[in-house]
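Coordinate analysis (summary)
Single-letter residue listing:
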Amino acid sequence: MRKTKNLFDIAWTYFLLCLAGFIFAFPCLWLIMASFSAGGSIYSFDGFFPSQLGFNSFALLFNDTVMYNYPKWFANTLFIASFSMIIGTILVILTAYVMSRYRFKSRKAIMKTTLVLGMFPSFMSMIAVYILMTQFNLINNHWGLILIYSAGAPMGYLVQKGFFDTIPISVDEAARIDGATSLMIFLKISLPLSLPMIVYTALTSFTWAWSDFILPKLLLKQRDSYTVAVGLMSLGETEFARFAAGSVFIAVPIVLLYFCLIRLLVEGVSAGAVKG
């Protein structure tokens, strides 16, 4: 009887997991199928899925660039996201390390202030950001977006600080006894042990800049300077298949970046578990 109950519980759990997986996967499946629509318009669908399938939308996406230059938008987005990831990751890691390892006046006040400021939604500062970018002549400038993403990244340092807090202070003290400077401790001890958190920070920084719509829409006015998110939203109703194809294709860099960095994530966890 007990064995039957356990089997029933397992079956019911798997059923709920499969149902939840189907609910979350169905929109993705629908978008992928929509990208292969031969008609191109959402009005050519037969129910949920296209009545005819084809690769015409992908061909138009990369060949028909007179009005909708998707390759240019893709390159713009990759440029912005890559530099935002590099600069933002460096600033976040430095901020978190300082707040974790050093004790100075107003440290707790700064932490409390950043925690309170993080509760406010980012769109509340849109007007101020637009005015500042106008004054610095950074409208229609990709470096303006990179500056905003990078400067705002250290505000989310608390997760990284918590990771640095788990590294024992005794490790730093032992290195100082051996004659290591603060810079050497940071570069040769703290960073190798923090590789999983660095990978996490890089992934989130890249994803934030890659998928953002509000800031690029606010600051980029010229069609050739659009990011993928802004460019796809400028497509007409009859270009839904192209919109779906572009939406599917923008997931490729995120997936590739994840698979490239997952090895470093595992190695970082292994390195952090071995006493040097």
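Up top you'll find the structure we're talking about.
Residues numbered from 1 in each chain as written. Predicted model: local features only at pLDDT ≥ 70, side-chain atom pairs only at ≥ 80, totals over all residues. Heavy atoms only, no water.

1. Digging into the overall build of the chain
Looking only at helices and strands, the chain features 14 helices and two strands. Accessible surface, the chain as shown: approximately 16900 Å² in total, 72% of it carbon and sulfur. (Helix = DSSP H or I, 4+ residues; strand = E, 2+ residues; numbered from the N terminus. Areas by Shrake-Rupley, 256 points an atom, 1.4 Å probe, with all protein chains shown as cover.)

2. Digging into the packing of aromatic side chains
Applying the stated rule across the entire model yields 17 aromatic pairs. Ring geometry for Y70 versus F74: centroids 6.2 Å apart, planes at 40°, classification tilted. Residue Y70 and its partner F74 are located together in helix α3 (residues 70–101), separated by four residues, close to a single helical turn. Using a relative accessible area of 1% as the deciding quantity, one classes Y70 as buried. Judged by its relative accessible area of 17%, F74 is buried. A centroid spacing of 6.3 Å and a plane angle of 75° characterise the contact between Y97 and Y102, whose relative ring orientation is edge-to-face. Grouping aromatic residues by their ring pairs yields a cluster made of F62, Y70, F74, F206, W210 and F249. (Phe/Tyr/Trp six-rings, centres within 6.5 Å; stacked < 30°, edge-to-face > 60°. Buried < 20%, exposed > 50% of the residue type's maximum accessible area, 1.4 Å probe, protein only.)

3. Side note on the nonpolar core
In this structure, Y70, L145 and L215 are the most contacted members of the largest nonpolar core, which totals 34 residues. Secondary structure elements with two or more residues in this core: α2 (56–63), α3, α5 (126–135), α6 (142–152), α10 (195–211), α11 (214–219), α12 (228–233) and α14 (251–272). Once you skip the residues sitting within four places of it in the chain, L215 turns out to touch M126, V129, L145, I148 and Y149. With 13 residues, the next largest nonpolar core counts I93, A96, F164 and I198 among its residues. (Core = buried A, V, L, I, M, F, W, Y, C linked by side-chain atoms within 4.5 Å. Contact = heavy atoms within 4.5 Å.)

4. Points about the packing of α2 against helix α13 (residues 240–249)
It is the contact of α2 with α13, at a shortest axis distance of 8 Å, that shows an interaxial angle of 75°. By the criterion of interaxial angle, the relationship of α2 to α13 is roughly perpendicular. Between α2, through S57, F58, L60, L61 and F62, and α13, the contact on the second element is made entirely by A241, R242, A245, G246 and F249. Among the residues making up the contact of α2 with α13, the classes are represented as seven nonpolar, two polar and one charged. (Axes fitted to C-alpha atoms, helices over the stretch in contact; angles between N-to-C directions. Parallel < 35°, antiparallel > 145°, perpendicular 65-115°, else oblique. Nonpolar A, V, L, I, M, F, W, Y, C, P; charged D, E, K, R; others polar.)

5. Notes on the side chain of S225
Tracing the backbone shows S225 in the loop between α11 and α12. Here Q222 takes part through its backbone oxygen, which lies 2.7 Å from a polar atom of the side chain of S225. (Polar contact = N/O pair within 3.5 Å; in protein donor to acceptor, adjacent residues only side chain to side chain.)

6. What about the pattern of salt bridges?
Using the criterion set out here, one finds two salt bridges in the structure. Note that D172 is salt-bridged to R101, the shortest N-O span being 2.7 Å. Remark: R101 occurs in helix α3 and D172 occurs in helix α8 (residues 169–177); sequence separation between them is 71 residues. Taken individually, D172 and R101 each receive the classification buried, so the pair is uniform in this respect. Residue D165 pairs with K161 through a salt bridge whose shortest N-O separation is 2.7 Å. (Salt bridge = Lys/Arg side-chain N within 4 Å of Asp/Glu carboxyl O.)

7. Points about unusual backbone geometry
A positive phi angle, close to 70°, is found at S106, a residue other than glycine. Inspection of the secondary structure assignment puts S106 in the loop between α3 and α4 (107–117). For S106, a relative accessible area of 43% translates into the label partly exposed. In this structure, N140 takes a positive phi of about 60° despite not being glycine.

8. Quick word on the packing of α3 against helix α7 (residues 158–165)
At a minimum axis distance of 8 Å, the contact between α3 and α7 shows a crossing angle of 50°. With respect to their mutual orientation, α3 and α7 come out oblique. Crossing hand, α3 versus α7: right-handed. Of the residues in α7, those in contact with V92, I93, A96, Y97, M99, S100 and R101 of α3 are Q160, K161, F164 and D165. Along the lines of polarity and charge, the residues of the contact of α3 with α7 split into six nonpolar, two polar and three charged. (Left-handed = near helix turned anticlockwise from the far one by under 90°.)

9. Let's talk about a nonpolar patch on the surface
Taken together, L115, V116, L117, M119, F120, F123, M124, M155, L158, F213, I214 and M233 make up a surface patch of nonpolar side chains, about 1200 Å² in accessible area. Sorting elements by how many residues they give to the nonpolar patch places α4 first, with three residues. Take F123: it is sitting in the loop between α4 and α5. (Patch = residues over 30% accessible without salt bridge, like charges linked within 9 Å, V, L, I, M, F, W, Y side chains within 5 Å.)

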